[in-house]
Amino acid sequence: MSEFLAKIMPNVLKTQTVLWNGILETLQMVGISGLISAGFGIVFGVILVVTQKDSILECNIVYQVLDKLINVFRSIPFVILVAMLLPVTRALVGTSIGTKGAIFPLVVATVPFFSRQIHSALCEIDPGVVEAAQSMGSSPLEIILRVYLREGLPGMIRGATITLINLITLTAIAGCVGAGGLGSYAIMYGFNRSQTDVTYVTVIIILALVTIIQSLGSRITEKLSH
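It should be emphasised that the depicted structure is a prediction, and the values quoted were computed from it without experimental measurement. (Residues numbered from 1 in each chain as written. Predicted model: local features only at pLDDT ≥ 70, side-chain atom pairs only at ≥ 80, totals over all residues. Heavy atoms only, no water.)

### What to know about the nonpolar core
We apply this condition: To form a nonpolar core, buried Ala, Val, Leu, Ile, Met, Phe, Trp, Tyr and Cys residues must be joined to one another through side-chain atoms within 4.5 Å. Accessible area is worked out with a 1.4 Å probe on protein chains only. A residue is then buried under 20% of its type maximum, exposed over 50%, and partly exposed in between. We count a stretch as a helix when DSSP gives it H or I for four or more residues in a row; a strand needs E for two or more, and each element gets its number in order from the N terminus. Here a residue-residue contact requires only that any non-hydrogen atoms of the pair lie within 4.5 Å.
V12, L19, F78, L81, L106 and I205 are the most contacted members of the largest nonpolar core, which has 32 residues in total. Only helix 3 (16-51), helix 5 (78-84), helix 7 (98-123), helix 10 (153-174), helix 11 (181-191) and helix 12 (196-224) provide two or more residues apiece to this core. At 7 residues, the largest contribution of residues to this core is made by helix 7. Setting aside residues up to four positions removed in sequence, I205 forms contacts with L19, I23 and L182.

### What to know about the side chain of Q195
The residue Q195 is located in the loop between helix 11 and helix 12 in this model. When sequence neighbours within four positions are dropped, the list of residues in contact with Q195 reads N11, Y189 and G190.

### Let's talk about the pattern of salt bridges
The cut-off we apply is this: A pair is scored as a salt bridge if a Lys or Arg side-chain nitrogen falls within 4 Å of a carboxyl oxygen belonging to Asp or Glu.
One pass over the full model with this rule turns up 3 salt bridges. In this structure, D67 engages R116 in a salt bridge whose closest nitrogen and oxygen atoms are separated by 2.9 Å. With a gap of 49 residues between them, D67 in helix 4 (residues 60-75) and R116 in helix 7 connect regions that are remote in the sequence. Classification of D67 by relative accessible area gives buried; the value is 10%. Three or more residues joined by partner-sharing salt bridges are found here, namely D67, K68 and R116.

### Considering the packing of aromatic side chains
Each aromatic ring pair is described using two quantities: the centre-to-centre distance and the angle formed by the ring planes. The line we're drawing: Any pair of Phe, Tyr and Trp rings, taking the six-membered ring for Trp, is counted once the centres come within 6.5 Å. Such a pair is stacked with planes under 30 degrees apart, edge-to-face with planes over 60 apart, and tilted for the rest.
Going through the model one piece at a time under the given rule, you end up with 2 aromatic pairs. Pairing Y185 with Y189 gives two aromatic rings, centres 5.4 Å apart and planes at 45°, and the pair type is tilted. Residue Y185 and its partner Y189 are located together in helix 11, separated by 4 residues, close to a single helical turn. Note on Y185: relative accessible area 2%, which makes it buried.

Dropping the structure here:
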């Protein structure tokens, strides 16, 4: 088996320590930035829903400002966003390279995306359920916790699944600008040194991560929907 692997991916075996470090760095970036983005994304998504027209806390100014900000940040390509945030990233974490320097740009890029996913999921809730809660005397906070977040949970999990997959893609892009992870490994060894086996293995690992996340997300959503 070892001889077979040595034939089909010799460069991967030579750099397997770097590969494992790249996998760990990618998981670290996805995990940390994903958790932070989830917190902000849920808050902003809920604010969008409750402040939109005919909602429980209708406020057109708040909705329009937040909606426009989300659209603006979603439209900025990630590589350009990283460059824009370099001074802020250095001021916050002391560096703009490596895994540590990638977290802040990843969060800034992911929060608007996830906020929109949460907004879309909560908008799918039957308005009649919200009206029924209001007629029973529920406060806005109770409606948010007991209606929006509970009834919208399957849709929120679907949105979280899509967001995590998108985040894996962003970490690969971040590797092109010195963030580490699988993206950096593929560029450093696969592209710069023309080691095609490194490129193929990196792609396979990323596909495996995406498949695992998609499968888990689908199973959780299916259970919550029944």
